[in-house]
Amino acid sequence: MDSAPTFPASFDAFLGNQAAVEGLRAAIAANRLPHSLIFSGAAGAGKYTLALLLAMTVECQRQPRKLSSSGQPIASFCGSCSNCTRIAGAANLEEQVEAAVLAREELRETDKKETRVLIQPHPDVLILPPDPPQLLIKLGQVRTLIQRAHYLPSEAPRKIFILTSASMMKEAANSLLKVLEEPPDTVLILILAENPGELLPTIRSRCATVRLGALPVEEIEALLAARRPGVPAKQRSLIARLAQGAAGRALAFDLDSYTAARADALIFLRNAAGAQSGNKSGAPSKTAPSSWVGSSGVARGQELDPDHTALFKMTETYRAGADGQQKTTALLRALALLLEDLLLLDSGTPDLLRNTDLRAELDRLSTALPFAWIESASHALDQVHSGLRRNLLRSLSLDAFAAQLTTPA
Ligand SMILES: [Zn+2]
């Protein structure tokens, strides 16, 4: 729909978290950057972009200096030397990983098993993405990191390793810990974590953690106005809320796909609400007109209908196909946002609602669904998430989840 977010040409184009970013640049300028860092923050918060910008700064042949907002010297990158340009070549991580996975598919069966997905934009920069299909960082990847860490850098000052996820196989985490205990002087290890709690406490204690916080809604709206002017203002304002403070997510946000996933998520919730109201003796079903116009073609009459046909017809469409996982992930994300909104309504803070276009329907669902149910649904959703990560039978866990949701609390 719109152009993909562009890679920042300078630190000025990296939005938000100014103090944290300047702190890191000051540390590079003073040559006291820690050997291992964790960047924590939501998906789309800029962890990967910041990791590449810092890698460019550390490795830049010119490393221009600037002054921070408080007058401190901070390091920059030139963007045009051969180190900068090669590292910037890894900006589109998804594309790079896809190419590496395809290359592995071409290998003989015996080699395939031994081959781990690694991205190497520069002889001294190695990127370790979670290895599919389990999407965990595996021992083979960390072994490569360890081997290379013991060589001196060949074309730049440091050997840089970027682990793009905190989800690791146990053996991989244990091996990584050993490098972190005694990192060679020339090594810099960056771990990008949506949830640092996934990392071993012993890994966390050996790294400095930099938290990338959420940007305010207004800042994201301004960014969208500048970078996606083709999107109508009303939609931009909705996207700014749905992106949960993550600039990257806002810039890439596909409102049509989200609305489709959300329409399915609403089927879950309406069925659950139907089951709940069927359970309450003589509880009247609320039939206030909905302001929401979805794309799933769900009739209004189905709202609060405890008949599960629509629900299971819907989960059926998630069973097969190559895009099954993506579709499921989108559904779960939409469901999580809806549940959060219901909790916000329950806690009397409707100003913070994200699905602002669904206010009437959310009010109705919030009346029908008890707080305890919403809490247990959020918990069940977490479990489906971790099941997905381990690539368990996704339709099964989705069906089980559907059954759980429609059981009265
Ligand atoms: Zn440079």
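Residues numbered from 1 in each chain as written. Predicted model: local features only at pLDDT ≥ 70, side-chain atom pairs only at ≥ 80, totals over all residues. Heavy atoms only, no water.

K.L.:
For the coordination of the zinc ion, give the residues involved together with the corresponding values.
P.N.:
When a metal carries six donors in an octahedron, the ideal angles between them are 90 or 180 degrees, while four donors in a tetrahedron ideally lie at 109.5 degrees. Around the zinc ion, the protein supplies Cys60 (SG), Cys78 (SG), Cys81 (SG) and Cys84 (SG) as donor atoms, at distances of 2.3 to 2.4 Å. Around the zinc ion, the 4 donor atoms sit at angles spanning 102 to 118°, and that spread fits a shape best called tetrahedral. If you list the donors of the zinc ion from N- to C-terminus, the spacing comes out as C-x17-C-x2-C-x2-C. One end of the pair, Cys60, is in the loop between α2 (47-59) and β2 (65-67); the other, Cys78, is in the loop between β3 (73-75) and α3 (82-88), and 18 residues separate them in sequence. Classification of Cys60 as buried rests on a relative accessible area of 6%. (Donors = N, O, S within 2.8 Å, 3.2 Å for Na, K, Ca; no water. Tetrahedral: all angles 85-135°; square planar, octahedral: opposite > 155°, others 65-115°. Helix = DSSP H or I, 4+ residues; strand = E, 2+ residues; numbered from the N terminus. Buried < 20%, exposed > 50% of the residue type's maximum accessible area, 1.4 Å probe, protein only.)

K.L.:
Tell me about the sheet that holds strand β1 (residues 36-40), and name the residues and values.
P.N.:
Spatially, β4-β5-β6-β7-β1-β8 is the arrangement adopted by the 6 strands of the open sheet, whose pairing is mixed. Because the sheet does not close on itself, it has two edges, and the strands there are β4 (119-122) and β8 (208-211). Within the sheet, the average angular offset between the axes of one strand and its neighbour, ignoring direction, is 20°. Across 5 bridges, β1 lies against strand β7 (residues 187-193) in parallel orientation. Note on β7: the bridge partner recorded for Leu37 is Leu190. Strand contacts of α2: β1, β5 (125-128), β6 (159-163) and β7, with the helix running at about 170° to β7, the strand carrying the most contacts. (Pairing = 2+ DSSP bridges. Axes fitted to C-alpha atoms, helices over the stretch in contact; angles between N-to-C directions. Contact = heavy atoms within 4.5 Å.)

K.L.:
Please give an account of unusual backbone geometry that cites residues and values.
P.N.:
The omega angle of the peptide bond from Pro132 to Pro133 is 5°, so this bond is cis rather than trans. Examined against the element boundaries, Pro133 turns out to sit in the loop between β5 and α6 (139-149). One non-glycine residue, Leu135, adopts positive backbone phi at about 55°. Counting through the fold element by element, Leu135 comes out in the loop between β5 and α6.

K.L.:
Let's hear about the pattern of salt bridges: which residues, and what values?
P.N.:
Using the criterion set out here, one finds 13 salt bridges in the structure. Between Asp131 and Lys138 there is a salt bridge, and its shortest N-O distance comes to 3.0 Å. Side by side, Asp131 and Lys138 carry an identical accessibility label, which is buried. A salt bridge links Arg262 to Asp357; the nearest nitrogen and oxygen atoms lie 2.8 Å apart. Residue Arg262 is found in helix α12 (residues 255-279), and its partner Asp357 is found in the loop between α14 (324-346) and α15 (359-368); the two are separated by 95 residues along the sequence. Because the salt bridges share partners, they merge into one network encompassing Arg104, Arg116, Asp131 and Lys138. (Salt bridge = Lys/Arg side-chain N within 4 Å of Asp/Glu carboxyl O.)

K.L.:
Report on the pairing of β4, specifying residues and quantitative values.
P.N.:
Looking down a regular strand, the side chains alternate between one sheet face and the other. Here β4 runs beside β5; their pairing, made up of 2 bridges, is antiparallel. Looking at the pairing, Ile119 lines up with Ile127 of β5. The turn linking β4 back onto β5 is made up of 2 residues.

K.L.:
Any details on the nonpolar core? Residues and values, ideally.
P.N.:
Within the largest apolar cluster, 45 residues are counted, with the highest numbers of intra-cluster contacts made by Leu269, Leu339, Leu342, Leu369 and Trp373. Here this core gets 10 residues from one element, more than from any other, and that element is α14. In this structure, Ile28, Leu37, Phe39 and Cys84 belong to the second largest nonpolar core, which totals 40 residues. (Core = buried A, V, L, I, M, F, W, Y, C linked by side-chain atoms within 4.5 Å.)

K.L.:
Residues and numbers for the packing of aromatic side chains, please.
P.N.:
The tally for this structure, following the rule as stated, stands at 2 aromatic pairs. Ring centres 5.5 Å apart and planes at 55° place the aromatic pair Phe253 and Tyr258 in the tilted group. Looking at Tyr258, the relative accessible area reads 8%, which means it is buried. (Phe/Tyr/Trp six-rings, centres within 6.5 Å; stacked < 30°, edge-to-face > 60°.)

K.L.:
Tell me about the packing of α6 against helix α7 (residues 170-181), residues and numbers included.
P.N.:
At a minimum axis separation of 8 Å, α6 and α7 run at an interaxial angle of 15°. With respect to α7, the element α6 is oriented roughly parallel. Read as a crossing pair, α6 and α7 show a hand that is left-handed. Between α6, through Leu139, Val142, Leu145 and Ile146, and α7, the contact on the second element is made entirely by Glu171, Ala172, Ser175, Leu176 and Val179. Residues belonging to the contact of α6 with α7 are distributed by class as follows: 7 nonpolar, 1 polar and 1 charged. (Parallel < 35°, antiparallel > 145°, perpendicular 65-115°, else oblique. Left-handed = near helix turned anticlockwise from the far one by under 90°. Nonpolar A, V, L, I, M, F, W, Y, C, P; charged D, E, K, R; others polar.)

K.L.:
Outline the side chain of Lys159, supporting the account with residue identities and numerical values.
P.N.:
Residue position: Lys159 is located in strand β6. Engagement of the side chain of Lys159 in a polar contact is seen with the side chain of Asp124, the distance being 3.1 Å. Once residues within four sequence positions are removed from consideration, Lys159 is found in contact with Pro123, Asp124, Arg148, Tyr151, Leu152, Pro153, Thr186, Val187 and Leu188. (Polar contact = N/O pair within 3.5 Å; in protein donor to acceptor, adjacent residues only side chain to side chain.)

K.L.:
Provide a residue-level description of the packing of helix α9 (residues 217-227) against helix α10 (residues 233-242), including the pertinent values.
P.N.:
For the pair α9 and α10, the least separation of the axes is 9 Å and the interaxial angle reads 130°. When the axis of α9 is compared with that of α10, the two are oblique. Pair α9 / α10 crosses with right-handed handedness. Two secondary-structure elements touch here, α9 through Val217, Ile220, Glu221, Leu224 and Ala225 and α10 through Arg236, Ser237, Ile239, Ala240 and Arg241. Here the residues of the contact of α9 with α10 sort into 6 nonpolar, 1 polar and 3 charged.

Function cannot be read off these values alone, since they describe shape.
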